[in-house]
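# Summary of structural features
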Amino acid sequence: MLKRNRRTLGDALFDRFNVLGMLLICFLTLYPIWYVLINSFNDGKDAMSGGNIYWIPRMFSVENYTAVFENAGIMTAMGITIAKTLIGTVLHVFFTAMVAYAFSRRELIGRNVYMMIGTITMFFGGGLIPTYLWYRDLGLLNDFFVYIWPALFSFFDLIIFLAFFREIPDGLEEAAKIDGANDFKIFYSVVLPVSMPVVATIALFHGVYQWNDYFTAVIFTTDETLQPIQTFLYKVIAQSSSTQIIGNMSGGAITRRVTGQSIKMATMIITTLPIVLAYPFLQRYFVKGLMIGSLKG
Amino acid sequence: MSANLSAEASAQAAPAPKKNRKLLVRLANQKYLQAMALLGIAWMILFNYIPMYGIMLAFKEYIGIGDPANAPWAGWTHFQAIWEDDQMLDVVKNTLGISFLKLVIGFPIPIIFALFLNELRSLKFNRIVQTISYLPHFLSWVILGGILITFLSDVGIVNDILMGLKLIDEPITYLAEPEYFWTIAVSSDIWKEFGWNAIIYIAAIASISPELYEAATIDGAGRFQKMRFVTLPSIRGTISILFILAVGAMLNSNFDQIMVLKNQVNETSSQVIDTYVYQVGISQGRFSYSTAVGLVKSVIALILLLFANSVTKRLNQSSLF
């Protein structure tokens, strides 16, 4: 009871303002996405001629979404995005974890040299042009695998794995070794299954990178059937004349009540939805993963 | 290559040939482990080190055909050309200006947010605010750029509000006016990342011993005094490390964002080194010149990192290296 009395008027006022401030922050964070959502569910022609829509759809319609799903170009791009995210993430997590496991073992001969080779890559790189010319020589231009091989490994992610692997009790590995398992087998049948929290963290980080990355395609591909949905949107959004591009691409849709802007809104929502639905469930993993990476790395 | 290197290094440490044989036995015993590690090294050589070797283009005259290694040497001419490039002044000014503002304004905000979040009494509300604040981090710059272009257009919501409040008389197309670009770039970047960047601080604050707060309460410390004298000093190490990393990455942070928001009308205040390298290099095919521009950026970034590292080291004994 004494504690309660100590809460002065200033304290109570501070609490009120703090809560209000936080609510304002939440509003400012959510509103832009809400705006896109309501506009994607509004009749396109109406949105264009009737003034801005702020809170709820004025003329509810799902036609924008139908138009998007009927658009072959958008659907191909969506397929590329899903493929690169799934394949890229699985391979990245497996490969980076495997190298990290080898690096985590104290008896690894040359370990310090290997670590130094890796550390340098975090602070220095070749830059855009040498990379571009090298990928050209490797035959990666206009190849789906330009999304996969260059993103197979990351030394930064390796450090996060490393910190986690160090915590695994040696006894687990010893037992497998006595059973005659080799180091690779120990890695995938003993170490990987007990490392699911860090695997989930890295999978989320890399999955988001793969899903959101638009620039790899802009730089390294010219073939439009290889471009992911983010690149499609980038071309529509940043290279202006969006109405024309989407109008042309959506073919028959232009005679309907959809506009370039309204299709854009629907595409943005479809593109964003998977991540927005997934991340809150992975939250407890990535908070931990980030901590390990930053404090021990 | 590096396997030989490390084997040699270890062999030098071992004086007798007997030990050399022992090393071979040890290597044979860990052949799977070595194979796993060397696959990683091979990847790094292929995708990090060979492009680094390509930096020599900056000192050559390469026009895009054939092996860059055979191109004639150009000495320092490309760097001299950078010095004489009319656009360079704007490019450097924009790069440093936007990066500097992002650092100065964007770095403290997550710390302040974490401090105030920690003061919320309801744990549940705290968690909800946190989760919401991460959301923008997961949106791509393409999506956010699309939203910004819509909001900031002449018929957009920003003009609606400002005209409704009678703050402006005529609608402004913000992204077509160079004078607004820095503000847009800096504030949208902060909007996107402040919640995400606060994660580590929130976790660091959560690990502070409650006894420290109890002791401070007994000593009669108020809310702000506890923030100032307990919470803040406890996360000082975390702040330093993240500050060094932020300075090191300072010049890298704006490529994705600026490519979306940049257009031909705002170019005088939106062209940064990265976008300039892309434009001159990939679009115009001036490979050697743009490599030189990129190299100048890398060198500046490295100097900034070392500088930040030494400053924080002097200030409070925590540093990266």
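Values in this document were obtained by computation on a predicted structure and should not be read as measured data. (Residues numbered from 1 in each chain as written. Chains lettered and ligands numbered in written order. Predicted model: local features only at pLDDT ≥ 70, side-chain atom pairs only at ≥ 80, totals over all residues.)

## Points about the overall build of chain A
Across its full length, chain A carries 15 helices and zero strands. Residues counted as buried form 40% of the 297 residues belonging to chain A. Expressed as a percentage of contacts within chain A between residues at least 6 apart in sequence, the contacts between residues at least 24 apart total 73%. (Helix = DSSP H or I, 4+ residues; strand = E, 2+ residues; numbered from the N terminus. Buried ≥ 20, exposed ≤ 12 C-beta atoms within 10 Å, placed from the backbone. Contact = placed C-beta atoms within 7 Å.)

## Details of the overall build of chain B
The secondary structure content of chain B amounts to 17 helices and zero strands. Since a compact globule built from 321 residues should have a radius of gyration of about 20 Å, the 26 Å found for chain B marks it as more spread out than a globular shape. For chain B, the spread of C-alpha atoms along the principal axes amounts to about 80 × 60 × 35 Å. For chain B, buried positions account for 36% of its 321 residues. In chain B, once contacts between residues fewer than 6 apart in sequence are set aside, the share between residues at least 24 apart is 67%. (Rg over C-alpha atoms; globule rule 2.2 N^0.38 Å.)

## A short note on the confidence of the model for chain B
Residue and element names in this part refer to chain B. The predicted model of chain B averages 86 in pLDDT, with 92% of residues at 70 or higher. Model confidence for chain B, summarised as mean pLDDT per element, is weakest for helix H1 (residues 2-13) at 46 and strongest for helix H3 (residues 31-53) at 95. Taken together, the stretch residues 1-14 has pLDDT below 50 and engages in 21 contacts with residues farther than four places along the chain or on a different chain. Interface scoring of the predicted complex returns ipTM 0.87; its pTM is 0.86. (pLDDT = per-residue confidence, 0-100.)

## Some words on the interface of chain B and chain A
In this complex, chain B contributes 72 residues to the contact, which on the side of chain A involves 71 residues. It is H3 of chain B that provides the largest number of residues to the side of chain B that touches chain A, a total of 14 residues. Its residues assigned to classes, the side of chain B that touches chain A comprises 47 nonpolar, 19 polar and six charged. (Nonpolar A, V, L, I, M, F, W, Y, C, P; charged D, E, K, R; others polar.)

## Observations concerning the domain arrangement of chain A
Residue and element names in this part refer to chain A. When its domains are assigned, chain A resolves into domain 1 (2-70 + 240-296) and domain 2 (72-220). On the side of domain 2, 14 residues touch domain 1, which itself brings 14 residues to the contact. Top contributing element to the side of domain 1 that touches domain 2 by residue count: helix H15 (residues 260-296), with 11 residues. In terms of residue class, the side of domain 1 that touches domain 2 is built from nine nonpolar, three polar and two charged. (Domains from an automatic or database assignment.)

## A few points about the domain arrangement of chain B
Accessible area lost upon the coming together of the parts is a frequently used measure of interface size. Segmenting chain B into domains produces domain 1 (2-59) and domain 2 (77-316). Computed over C-alpha atoms only, the centres of domain 1 of chain B and domain 2 of chain B are separated by 39 Å.

## Considering helix H11 (residues 210-218) of chain B
For H11 of chain B, a buried count of zero out of nine residues is recorded, marking the element as mostly open to its surroundings. Looking one or two residues past H11 of chain B, Gly-220 of chain B carries a phi angle of roughly 85 degrees, positive in sign.

## Description of the packing of H11 of chain B against helix H12 (residues 223-234) of chain B
Residues and elements named next belong to chain B. Between H11 and H12, the least distance of the axes is 10 Å, while the angle of their chain directions is 140 degrees. Considered as vectors, H11 and H12 are oriented oblique to each other. Helix-helix and strand crossings are classified by hand; for H11 and H12 the assignment is right-handed. Contact with H11, carried on its side by Leu-212, Tyr-213 and Ala-216, involves Lys-226, Phe-229 and Val-230 of H12 and no other residues of that element. Of the residues contributing to the contact of H11 with H12, the split by class is five nonpolar, no polar and one charged. (Axes fitted to C-alpha atoms, helices over the stretch in contact; angles between N-to-C directions. Parallel < 35°, antiparallel > 145°, perpendicular 65-115°, else oblique. Left-handed = near helix turned anticlockwise from the far one by under 90°.)

## Focus on unusual backbone geometry
Glycine aside, residues mostly have negative phi angles, and peptide bonds mostly take the trans form. Here Asn-142 of chain A, not a glycine, exhibits a phi torsion of approximately 55 degrees, which is positive. Its identity is not glycine, yet Lys-166 of chain B carries a phi of approximately 60 degrees, on the positive side.

## Topic: the environment of Ser-290 of chain B
Checked against the element boundaries, Ser-290 of chain B lands in helix H17 (residues 287-316). Along the sequence, Ser-290 of chain B and Val-280 of chain B sit 10 residues apart, while their C-alpha atoms lie 6.1 Å from each other. In this structure, Ser-290 of chain B is in contact with Ile-129 of chain A together with Val-277, Val-280 and Gly-281 of chain B, ignoring residues within four places of it in sequence.

## Some points on the confidence of the model for chain A
All names here are of chain A. Model confidence for chain A is summarised by a mean pLDDT of 86, while 89% of its residues fall at 70 or above. Taken element by element, chain A is modelled with least confidence in helix H14 (residues 242-249), mean pLDDT 48, and with most confidence in helix H5 (residues 72-104), mean pLDDT 95. Under a pLDDT of 50 for its full length, residues 1-5 has, in the predicted model, zero contacts with residues more than four places off or in other chains. Scored below 50 in pLDDT, residues 241-245 makes eight contacts in the model with residues more than four places away or belonging to other chains.

## Observations concerning helix H8 (residues 141-152) of chain B
Residue and element names in this part refer to chain B. When the terminal C-alpha atoms of H8 are compared, their 15 Å separation across 12 residues agrees well with the 16 Å that a helix rising 1.5 Å per residue should span. For H8, a buried count of 12 out of 12 residues is recorded, marking the element as mostly surrounded by other parts of the structure. Where H8 is concerned, the buried positions are Trp-141, Val-142, Ile-143, Leu-144, Gly-145, Gly-146, Ile-147, Leu-148, Ile-149, Thr-150, Phe-151 and Leu-152. (Expected span 1.5 Å × (residues − 1).)

## Quick look at the environment of Asn-42 of chain A
All names here are of chain A. Following the sequence through the fold, Asn-42 ends up in the loop between helix H2 (9-40) and helix H3 (44-49). On the basis of neighbour counts, which here come to 23 C-beta atoms within 10 Å, the residue Asn-42 falls in the buried class. C-alpha of Asn-42 to C-alpha of Met-265: the two residues are 223 residues apart in sequence and 9.7 Å apart in space. Apart from the residues lying within four places of it in its own chain, the contact partners of Asn-42 are Ala-47, Ile-53, Pro-57, Arg-58, Met-59, Phe-60 and Ser-61.

## A few points about the packing of H2 of chain A against helix H7 (residues 123-134) of chain B
Two numbers describe how H2 of chain A lies on H7 of chain B: the axes approach to 9 Å, and their chain directions differ by 30 degrees. Put simply, H2 of chain A runs roughly parallel to H7 of chain B. Seen from above, H2 of chain A lies across H7 of chain B with left-handed handedness. Between H2 of chain A and H7 of chain B, the residues in contact are Met-22, Ile-25, Cys-26, Thr-29 and Leu-30 of chain A and Val-129, Ile-132 and Ser-133 of chain B, respectively. Split into classes, the residues belonging to the contact of H2 of chain A with H7 of chain B amount to six nonpolar, two polar and no charged.

## Observations regarding the nonpolar core
Judged by nonpolar contacts, the single largest core of 71 residues is most densely connected at Leu-233 of chain A together with Val-142, Leu-148 and Val-277 of chain B. Ranked by residue count, the leading element in this core is H8 of chain B, at nine residues. Sequence-distant contacts of Val-277 of chain B, defined by excluding residues within four places in its chain, comprise Leu-128 and Ile-129 of chain A together with Ser-290, Val-293 and Gly-294 of chain B. (Core = buried A, V, L, I, M, F, W, Y, C linked by C-beta atoms within 7 Å.)

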